Amino acid sequence: MSSLIALGTGGAATVATFYLYVGVRGKNKIKVDDDHVPYWAFSIGMLSANAGTAFQQLAGVGTQLSDAFQNNAALGEWKVGATAALLTVAVFGLKPRPWKDALCGAIAPSLFAAAGGIWVLPASLFGVITAFVS
């Protein structure tokens, strides 16, 4: 048995995205609390890193966001870690909103990996867990 559930990364990202969409709407049997949206979206972002080209666009959004801050002379020196910190504060410091938390959570893994240092820990832990399960 190659994995616990044979979905593949593209299939797992699609299923998780659909589950999140259905659960946030709250009109079905599946319910996802607004507080849990960032965690679901972060998982989708991690899965999308190894999925097909449709999901790999999420990393591009994170890169473009960071580049927008870095190329702004009015902000001075801006590193990717600052963008990752800003994203983290936006998710956990503001009132939960599914649309905001889903977008920020999905692009967070690519920003965390690009920032390096302590920001890589969440992505590394998720990678270890998925490697252990498969």
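Residues numbered from 1 in each chain as written. Predicted model: local features only at pLDDT ≥ 70, side-chain atom pairs only at ≥ 80, totals over all residues. Heavy atoms only, no water.

1. Things to note about the packing of aromatic side chains
Reasoning step 1: Counting across every chain of the model gives five aromatic pairs.
Reasoning step 2: On the basis of an interplanar angle of 45° and a centroid distance of 6.0 Å, the ring pair of Phe42 and Phe112 is categorised as tilted. With Phe42 in helix H2 (residues 37-48) and Phe112 in helix H5 (residues 98-115), this pair connects stretches of sequence that are 70 residues apart. Considered together, Phe42 and Phe112 belong to a single accessibility category, that of buried residues.
Reasoning step 3: Each ring, one from Phe69 and one from Trp78, has its centre 4.7 Å from the other, and the planes form 25°; the classification is stacked.
Reasoning step 4: Residue Phe69 is classed as partly exposed on the basis of its relative accessible area, which comes to 23%. (Phe/Tyr/Trp six-rings, centres within 6.5 Å; stacked < 30°, edge-to-face > 60°. Helix = DSSP H or I, 4+ residues; strand = E, 2+ residues; numbered from the N terminus. Buried < 20%, exposed > 50% of the residue type's maximum accessible area, 1.4 Å probe, protein only.)

2. Describing the packing of helix H4 (residues 80-93) against H5
Reasoning step 1: One way to put it is that H4 packs onto H5 with a least axis distance of 9 Å and a crossing angle of 155°. The angle between H4 and H5 places the two elements in the roughly antiparallel class. When the axes of H4 and H5 are compared, the crossing they make is left-handed. Of the residues in H5, those touching H4 at Val80, Gly81, Thr83, Ala84, Leu87, Thr88, Ala90 and Val91 are Lys100, Asp101, Cys104, Ile107, Ala108, Leu111, Phe112, Ala114 and Ala115.
Reasoning step 2: Here the residues of the contact of H4 with H5 sort into 12 nonpolar, three polar and two charged. (Axes fitted to C-alpha atoms, helices over the stretch in contact; angles between N-to-C directions. Parallel < 35°, antiparallel > 145°, perpendicular 65-115°, else oblique. Left-handed = near helix turned anticlockwise from the far one by under 90°. Contact = heavy atoms within 4.5 Å. Nonpolar A, V, L, I, M, F, W, Y, C, P; charged D, E, K, R; others polar.)

3. A closer look at the packing of helix H3 (residues 53-70) against H4
Reasoning step 1: Between H3 and H4, the least distance of the axes is 9 Å, while the angle of their chain directions is 115°. It follows from the interaxial angle that H3 and H4 lie roughly perpendicular. In the packing of H3 onto H4, the handedness of the crossing is right-handed. For the pair H3 and H4, contact is made by Leu65, Ser66, Phe69 and Gln70 and by Val80, Thr83, Leu86 and Leu87, respectively.

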